[in-house]
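Chain by chain, the residues:
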Amino acid sequence: MCHQTIGLIARHLEEAGIPTVVAGSARDIVEECGVARFVFTDFPLGNPTGKPGDVDMQRAIVGTALDLLERAWLPRTTVQTPFVWDADDNDGWRDHFMRVDDSNRDALAAAGEARRRDQAAAKADGRARTS
Amino acid sequence: MALTERPQRTTNGRKPDGRRAHRSYLSYIDKSREYYAAHGYPQPYQWAYSHEVAFAPLPKPLSECTVGLVTTSFFEKGREPAGVPVARPKQPYAARCDDALDGLYNSDLFWDKDNTHTEDLDTYLPINRLREFEAEGRIGALSERFYGIPTDYSHRRTQRNDSPRIEEWMRADGVDVAFLVPL
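Remember, predicted model here, so these are calculated numbers, not experimental data.

A.B. asks: What am I meant to see in the overall build of chain B here?
C.D. replies: When helices and strands are tallied, chain B shows three helices and five strands. Beginning at the N terminus, the succession of helices and strands in chain B can be written as α-β-β-α-β-β-α-β. Dimensions of chain B along its principal axes, counting C-alpha atoms only, are 45 × 45 × 35 Å. With 183 residues in all, chain B has 47% of them scored as buried. By sequence separation, contacts in chain B at least 24 residues apart represent 69% of the contacts at least 6 residues apart.

Structure representation (structure tokens):
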């Protein structure tokens, strides 16, 4: 959801004449939303501008975004950085994230019930956004 | 100005390529549809889609531009600097970059908490890296303030309420280009 929110504000700024670049890791959400310039790093959600502690990688990703600001000539320009999250098992984190199978189906259903109760309570006491 | 040096992919000698019956990167739209159906939400979320995309060219060389950072992370409740709204629900905010150097709060946002962490600010809000590029003359300046936008299911609130407020702050701060980082 963060990627959609950022995509929408990027679109607003671009329409207002302010050039934008988005650095993110949820490619489909950003590209469906449609932004001018997107630097995609194929990482688990949480570190779109580089791995923790890896200054060189962070610098390369941020630098690529700056390059894209200068070099893109059409909207919807996506550049993918070359970094791999886990060179030994790069499908492990992908398979694990938001996984649904028989081992967790009941737990997810229960979590959904709890979430709906929380949302109803938040709406009742004014914590939910209404405007 | 030379382009950023291209880093080499590290694969420990293993060949990462091959054949697959599906795309290699995650489709969060597909995954979340199944995930929330399992939570008991029968109607799939309606994601934003647009065919038309605006494109604003750089107004001047990047080395003369002021860059404004936009994040979906917020200050921890009770640790907001002066001028940043403390009330909930969350509202857009503008805050000094110096006030974020100890990190922001994002445990309430949806990211992969099993595989990584956000204890290094520059992995999601690259203030230090952009200040280095500023010192080297690659950008004109990093704006003294950065900008926070609430993650919201409502397209309308993001488009009509939150985005114009952040645009207004950017114009007041003389921001020429926006660098946006979703978590």
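That shown, we press on.
A.B. asks: It is not clear to me how the interface of chain B and chain A should be interpreted in this structure. Could you clarify?
C.D. replies: Taken together, the contact pairs 97 residues of chain B with 95 residues of chain A. Roughly 8500 Å² is buried in total at the junction of chain B and chain A, and carbon and sulfur atoms are behind 61% of that figure. On the chain B side of the interface with chain A, the three residues burying the most area are Tyr28, Phe55 and Leu180 of chain B, jointly 9% of the side's total. Seen at the junction of chain B and chain A, the total is 45 residue pairs in polar contact (both at pLDDT 80 or more). Elements that contribute at least two residues to the side of chain B that touches chain A include exactly α1 (28–38), α2 (127–135), α3 (155–172) and β5 (177–181) of chain B. Looking at side-chain class alone, the side of chain B that touches chain A contains 48 nonpolar, 25 polar and 24 charged residues. As paired strands, strand β1 (residues 20–24) of chain A and β5 of chain B are joined by three bridges and run parallel to one another. By the bridge assignment for β5 of chain B, threonine 20 of chain A is matched with alanine 178 of chain B.

A.B. asks: So what exactly am I meant to see when it comes to the pattern of salt bridges here?
C.D. replies: Any two side chains of opposite charge can pair, given that their charged atoms come close. Residue and element names in this part refer to chain A. For the coordinates displayed, the defined rule picks out 27 salt bridges over all chains. Residue arginine 94 pairs with aspartate 42 through a salt bridge whose shortest N-O separation is 2.4 Å. Of this pair, arginine 94 sits in helix α4 (residues 92–96) while aspartate 42 sits in the loop between β2 (37–40) and α3 (55–71); the two residues are 52 residues apart in sequence, bridging distant segments of the chain. For the pair arginine 94 and aspartate 42, a shared accessibility class is recorded, and that class is buried.

A.B. asks: Which parts of the structure should I look at to understand the nonpolar core?
C.D. replies: In globular proteins that are soluble, nonpolar side chains generally tend to be buried together. If you look at the biggest cluster of nonpolar residues, it comprises 57 residues, and the most contacted ones within it are Tyr28, Leu69, Leu125, Leu130, Phe146 and Phe179 of chain B. Of all the secondary-structure elements, those providing two or more residues to this core are β1 and α3 of chain A together with α1, β1 (66–71), β2 (93–96), α2 and β5 of chain B. By residue number, the principal contributor to this core is α3 of chain A, which donates eight residues. Residues within four places of leucine 69 of chain B in sequence aside, it is in contact with Leu125, Pro126, Ile127, Leu130, Leu142, Phe146, Tyr147, Phe179 and Val181 of chain B.

A.B. asks: Please clarify how the layout of surface pockets should be interpreted in this entry.
C.D. replies: Empty space among the atoms becomes apparent when a probe as large as a water molecule is rolled across them. As a volume, the largest pocket reaches approximately 2000 Å³. Among the secondary structure elements, those contributing two or more residues to the lining of the largest pocket are α1 (2–15) and α5 (105–124) of chain A together with α1 of chain B. Of the residues forming the lining of the largest pocket, the biggest block, seven residues, is contributed by α1 of chain B. Taken together, the residues of the lining of the largest pocket break down into 25 nonpolar, eight polar and 13 charged.

A.B. asks: What is the right way to look at unusual backbone geometry in this model?
C.D. replies: For residues that are not glycine, phi is negative in most cases, and the peptide bond is trans in most cases. Geometrically, the link from arginine 88 of chain B to proline 89 of chain B is a cis peptide bond, its omega value of 5° lying close to zero. Even without being a glycine, arginine 76 of chain A presents a positive backbone phi close to 65°. Note that arginine 76 of chain A resides in the loop between α3 and β3 (77–80). For methionine 98 of chain A, which is not a glycine, the phi torsion comes out positive at approximately 55°. For methionine 98 of chain A, the position within the fold is in the loop between α4 and α5. Taking relative accessible area as the criterion, methionine 98 of chain A reaches 9% and is therefore assigned buried.

Conventions and cut-offs
- Residues numbered from 1 in each chain as written.
- Chains lettered and ligands numbered in written order.
- Predicted model: local features only at pLDDT ≥ 70, side-chain atom pairs only at ≥ 80, totals over all residues.
- Heavy atoms only, no water.
- Helix = DSSP H or I, 4+ residues; strand = E, 2+ residues; numbered from the N terminus.
- Buried < 20%, exposed > 50% of the residue type's maximum accessible area, 1.4 Å probe, protein only.
- Contact = heavy atoms within 4.5 Å.
- Buried area = accessible area lost by both parts, 1.4 Å probe.
- Polar contact = N/O pair within 3.5 Å; in protein donor to acceptor, adjacent residues only side chain to side chain.
- Nonpolar A, V, L, I, M, F, W, Y, C, P; charged D, E, K, R; others polar.
- Pairing = 2+ DSSP bridges.
- Salt bridge = Lys/Arg side-chain N within 4 Å of Asp/Glu carboxyl O.
- Core = buried A, V, L, I, M, F, W, Y, C linked by side-chain atoms within 4.5 Å.
- 1 Å grid on protein atoms, 1.4 Å probe; cavity = no way out; pocket = protein on both sides within 12 Å on 5 of 7 lines; lining within 4 Å.
- Points joined across faces, edges and corners; volume = space filled by probe spheres on them.

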